[in-house]
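Single-letter residue listing:
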Amino acid sequence: MVLAGGSQFVQDQVARACAAAGVQPVFSAGPAEALPLDPSVLLVGCEQSIGGLPGLQDVIVVGSAEDESRAWGSAAALASSRVVILPQGTGWLAEHLGRRLAPAATGTVIGLLGAVGGGGVSTLAAWCAGFSAKLGRSTLLVDGQPGAGGLDLALGIEDRAGVRWHDLQEIRGTLNAEQLVAALPSQGKLSILSHATESVSTPTASAPPAESMEAASAVLEAARSAFELSFVDLGRAGTVEGLVRACDNLVLLVPSRPRAVAAARCALRTHAFLPVAPVLRGPVSDGLDTWLVADLLGHPGPLPYLPHVRGAAASEASGRLLDAGVPRRAHKVVAALVAGLESA
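Quick caveat: nothing in here was measured; it's all calculated off a predicted structure.

Asks: Explain the overall build of the protein chain here, please?
Replies: Within the protein chain, the regular secondary structure consists of 15 helices and 13 strands. Across the 344 residues that make up the protein chain, the buried fraction comes to 53%. Partitioning the intrachain contacts of the protein chain with sequence separation of at least 6 by distance along the chain shows that 73% fall at a separation of at least 24.

Asks: Looking at this structure, how should I read the packing of helix 1 (residues 8-21) against helix 4 (residues 90-101)?
Replies: The description of two packed helices rests on the angle between their axes and on the distance between the axes. Two elements in contact, helix 1 and helix 4, have axes whose closest approach is 8 Å; the angle formed by their N-to-C orientations is 45°. Of the possible angle classes, the one that applies to helix 1 and helix 4 is oblique. The handedness of the crossing between helix 1 and helix 4 is right-handed. Two secondary-structure elements touch here, helix 1 through Gln-13, Val-14, Ala-17, Cys-18, Ala-20 and Ala-21 and helix 4 through Thr-90, Leu-93, Ala-94, Leu-97 and Gly-98.

Asks: Please clarify how the sheet that holds strand 6 (residues 108-114) should be interpreted in this entry.
Replies: Strand pairing within a sheet occurs via backbone hydrogen bonds; the two strands may be parallel or antiparallel. A sheet is described by the order of its strands in space; here 8 strands give the open sequence 8-9-7-10-6-11-12-13, paired in mixed fashion. Edge strands, defined here as strands with exactly one partner in the open sheet, are strand 8 (186-187) and strand 13 (305-306).

Asks: Explain the side chain of Ser-315 to me, please; I cannot follow it from the model alone.
Replies: With respect to the secondary-structure elements, Ser-315 resides in helix 13 (residues 312-317). Contact partners of Ser-315, with chain neighbours within four places excluded, come to Ala-154, Arg-320, Leu-321 and Ala-324.

Asks: For this particular structure, what's the right way to read the packing of helix 11 (residues 258-270) against helix 12 (residues 290-297)?
Replies: Here helix 11 crosses helix 12 at 45°, and the two axes come no closer than 9 Å. Looking at the two axes, helix 11 sits oblique to helix 12. When you trace helix 11 past helix 12, the crossing you get is right-handed. Of the residues in helix 12, those touching helix 11 at Val-261, Ala-264, Arg-265 and Leu-268 are Val-293, Leu-296 and Leu-297.

Asks: How should the pairing of strand 12 (residues 276-281) be read in this particular structure?
Replies: The two faces of the sheet receive side chains in turn, since in a regular strand these alternate between them. In terms of strand pairing, strand 11 (residues 249-255) meets strand 12 through 6 bridges, oriented parallel. Opposite Leu-253, over in strand 12, you have Val-279 as the bridge partner. When strand 12 meets strand 13, the two strands line up parallel, connected through 2 bridges. Residue pairing in the sheet places Leu-280 in a bridge with Tyr-305 of strand 13. Crossover strand 12 to strand 13 through helix 12 is right-handed.

Asks: Is there a simple way to explain the sheet that holds strand 2 (residues 26-28) in this structure?
Replies: Strand order in the open sheet made by the 5 strands is 2-1-3-4-5, with parallel pairing throughout. At either margin of the open sheet sits one strand with a lone partner, and together these are strand 2 and strand 5 (82-86). Taken over all neighbouring pairs, the strand axes of this sheet differ in orientation by 25° on average, direction set aside. Note that strand 3 (residues 42-45) and strand 4 (residues 59-64) share 4 bridges and pair parallel. When the bridges of strand 4 are listed, Leu-42 appears paired with Val-59.

Asks: Please clarify how the side chain of Ser-132 should be interpreted in this entry.
Replies: Locating Ser-132 in the fold gives a position in helix 5 (residues 121-134). Residue Ser-132 is classed as buried on the basis of its relative accessible area of 0%. In this structure Ser-132 touches Arg-137, Thr-139, Leu-229, Phe-231 and Val-338, once residues within four positions along its chain are discounted.

Asks: In this structure, what is going on with helix 11? I would like to understand it.
Replies: With 13 residues, helix 11 should reach 18 Å at 1.5 Å per residue; the first-to-last C-alpha distance of 19 Å fits that figure. Along helix 11, the residues classified as buried are Ala-260, Val-261, Ala-264, Ala-267 and Leu-268. Buried residues of helix 11 fall within an arc of 115° about the axis and therefore sit on the same side. When the buried face of helix 11 is taken as reference, the exposed residues oriented beyond 90 degrees from it are Pro-258, Arg-259 and Arg-269. Where helix 11 is buried, its residues touch strand 11, strand 12 and helix 12.

Asks: Got a minute to help me understand unusual backbone geometry in this structure?
Replies: In terms of backbone geometry, most residues other than glycine have negative phi values and most peptide bonds are trans. Cis geometry is found at the peptide bond from Leu-86 to Pro-87, where omega equals 10°. Take Pro-87: it is sitting in the loop between strand 5 and helix 4. Across the junction of Gly-282 and Pro-283, the peptide omega takes the value 5°, indicating a cis bond. Backbone geometry places Asp-38, a non-glycine residue, at a positive phi of 50°.

What counts, and at which threshold
Residues numbered from 1 in each chain as written. Predicted model: local features only at pLDDT ≥ 70, side-chain atom pairs only at ≥ 80, totals over all residues. Heavy atoms only, no water. Helix = DSSP H or I, 4+ residues; strand = E, 2+ residues; numbered from the N terminus. Buried < 20%, exposed > 50% of the residue type's maximum accessible area, 1.4 Å probe, protein only. Contact = heavy atoms within 4.5 Å. Axes fitted to C-alpha atoms, helices over the stretch in contact; angles between N-to-C directions. Parallel < 35°, antiparallel > 145°, perpendicular 65-115°, else oblique. Left-handed = near helix turned anticlockwise from the far one by under 90°. Pairing = 2+ DSSP bridges. Right-handed = clockwise from strand over helix to strand, strands pointing away. Expected span 1.5 Å × (residues − 1). Arc of directions from axis to C-beta.

Scope: geometric values only; no functional claims are made or implied.
Right under this line is the structure:
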């Protein structure tokens, strides 16, 4: 754990958190001195004026209560998914460092991302989560698109009791894993965390984006302890960067179209800090088959191939994704994805 910058007050609070977590902290003047140390967790003082930090999976902006607005601004510039305000967040930071550097949780969080919009990411995420649950694994399906109308509607559970994202937005610190499991709507081994089908509040201009708030980090940390596999429906690339940083692996769904392949190349560069598994979505057009697209993406080929499934869009539109199950034509690639991601 390395702290880059930070006031004396922030350094003292970080030292207390590290002592509680049994972690030896390293303090540096700034990111230029911190990055060569290859930190597992990098804390950045909110006063640091820097751009992106490629290659780092766990970047946390820290500041005092007087610097809260500046801390959120720094987090946005760093594409960081976490902000810790001290001393209020000292306890959370101690627990996070303890889990991160000596982790007890064994669950895996997988993000599903579309190179372009309308590629069927929500459907694939539901198929993977449903398949995993039917194999007997405790599984969570997470709606990672705050403004997309609620994944509940596609699953047909919008009226089912249980917490949604808006119920968790005030969480600061840690979330008990057992309480999370008990509160979520579920079906067998599958639990679902969705955004509300309608907006329950109007965000203010000064509020941080929903996907980058501390609640999201706390929820996904609890999911690692509660579920063997968690699948996050991230929607289109470029819209949910805060949640991406909380994932262990990404599945990038690439429709077989020139524009989608070009977008996929950008997405792979942007998310090079994570293992990314591109999947080609049919039908194949313009000769863009699994070998050619793999070559264009600089990825070992052939890519996994998800064929066009007639009726899939209708199942989502009518709220029958859970009941319909995995179609026969998609079964092979869904099974391979779930098996590969579980063992990754």
